[in-house]
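Residue-level listing of the chains:
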Amino acid sequence: MADRRGLLIILSSPSGAGKSTLARRLMAWDSDLEFSVSATTRAPRPGEEHGREYYFQTEDAFKQQVADGQMLEHAHVFGNFYGSPAGPVRASINAGKDVLFDVDWQGEVQIRNSDLGKHALSIFILPPSITELQRRLETRGQDSEDVIGKRMLKSWDEISHWGYYDYVLVNDDLGETEEKLKTIVSAERMRRIQQPRLQDHVRTLQNQFEGLS
Ligand SMILES: Nc1ncnc2c1ncn2[C@@H]1O[C@H](COP(=O)(O)OP(=O)(O)OP(=O)(O)O)[C@@H](O)[C@H]1O
Ligand SMILES: Nc1nc2c(ncn2[C@@H]2O[C@H](COP(=O)(O)O)[C@@H](O)[C@H]2O)c(=O)[nH]1
């Protein structure tokens, strides 16, 4: 095992607020960051690849994985099942790598309440307005009108859980939100990872100080 455990960086938002876009930018910024590829029973969107965006599964296969205890968390969202396979996440954080999650609020709560919860850093992404949220879902052009309608109807349910998160960002200007996200990740890495390592240094300083008298 590495000399430090990685962070579990969790992004949530109502559908269309921009978390997948921000997740891609974080991954491009830090090539050491691992993305937790979820399993889902949803059908692939055009351009999505099995094993890259999601592991696309049948409902039976998904339920079997849950029954076998292979999911760190799982939830039923917009009529489909989604879950984060635990094995790759444990392997990554034991190797000292940070893992990025794109999950809904139910996933955030389950990860936080899991044995890995103390490694969690959660960030909620709010849209600048509800009309802009709808505009983004429409211009993404990947879901039917019916699916967009259902996601809009559930948007308040997701937003109402914003208070469970360590940080909350309003994703108005994409570049600004990206910079804030990177700042949060950098600061939390310093606080949680580098500061404990400084204990030895502070002890040395104390010995030197005591040697002065
Ligand atoms: N700050 C922004 N300004 C304008 N458009 C944005 C912004 N952020 C993201 N978008 C666009 O909004 C659309 C939805 O973004 P994205 O797919 O990242 O949302 P999401 O929160 O991951 O949605 P879902 O939960 O449905 O996967 C995309 O077309 C994306 O390019
Ligand atoms: N609890 C979980 N939620 C997940 C997971 N993977 C994705 N999601 C969330 O589902 C919705 C819809 O995603 P989409 O790709 O169909 O647009 C969105 O809120 C995701 O964050 C997961 O493993 N667990």
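The protein chain carries the name Guanylate kinase in an unreviewed UniProt entry, which gives Ruegeria haliotis as its organism. Turning to the protein chain, the UniProt record has this under Catalytic activity (unreviewed entry): "GMP + ATP = GDP + ADP". Checking UniProt for the protein chain, the heading Subcellular location (unreviewed entry) contains the comment "Cytoplasm".

> Got a minute to help me understand the UniProt feature "binding site: ATP" (unreviewed entry) in the protein chain in this structure?
Residues annotated by UniProt as "binding site: ATP" (unreviewed entry) correspond here to Ser-13, Pro-14, Ser-15, Gly-16, Ala-17, Gly-18, Lys-19 and Ser-20. Checking the named residues against the largest pocket, the ones that line it are Ser-13, Pro-14, Ser-15, Gly-16, Ala-17, Gly-18, Lys-19 and Ser-20. With respect to the secondary-structure elements, Pro-14 resides in the loop between β1 (8-12) and α1 (19-29). Exposure remark for Pro-14: the relative accessible area of 1% places this residue in the buried category. Those residues within four positions of Pro-14 in sequence are excluded, and the remaining contacts are Lys-19, Phe-124, Ile-125, Pro-127, Leu-133, Ser-155, Glu-158 and Ile-159. Residue placement: Gly-16 occurs in the loop between β1 and α1. Residue class for Gly-16 comes out buried when judged on its relative accessible area of 14%.

Definitions and cut-offs
- Residues numbered from 1 in each chain as written.
- Chains lettered and ligands numbered in written order.
- Predicted model: local features only at pLDDT ≥ 70, side-chain atom pairs only at ≥ 80, totals over all residues.
- Heavy atoms only, no water.
- UniProt positions renumbered as here; feature names shortened; annotations may be inferred.
- 1 Å grid on protein atoms, 1.4 Å probe; cavity = no way out; pocket = protein on both sides within 12 Å on 5 of 7 lines; lining within 4 Å.
- Helix = DSSP H or I, 4+ residues; strand = E, 2+ residues; numbered from the N terminus.
- Buried < 20%, exposed > 50% of the residue type's maximum accessible area, 1.4 Å probe, protein only.
- Contact = heavy atoms within 4.5 Å.

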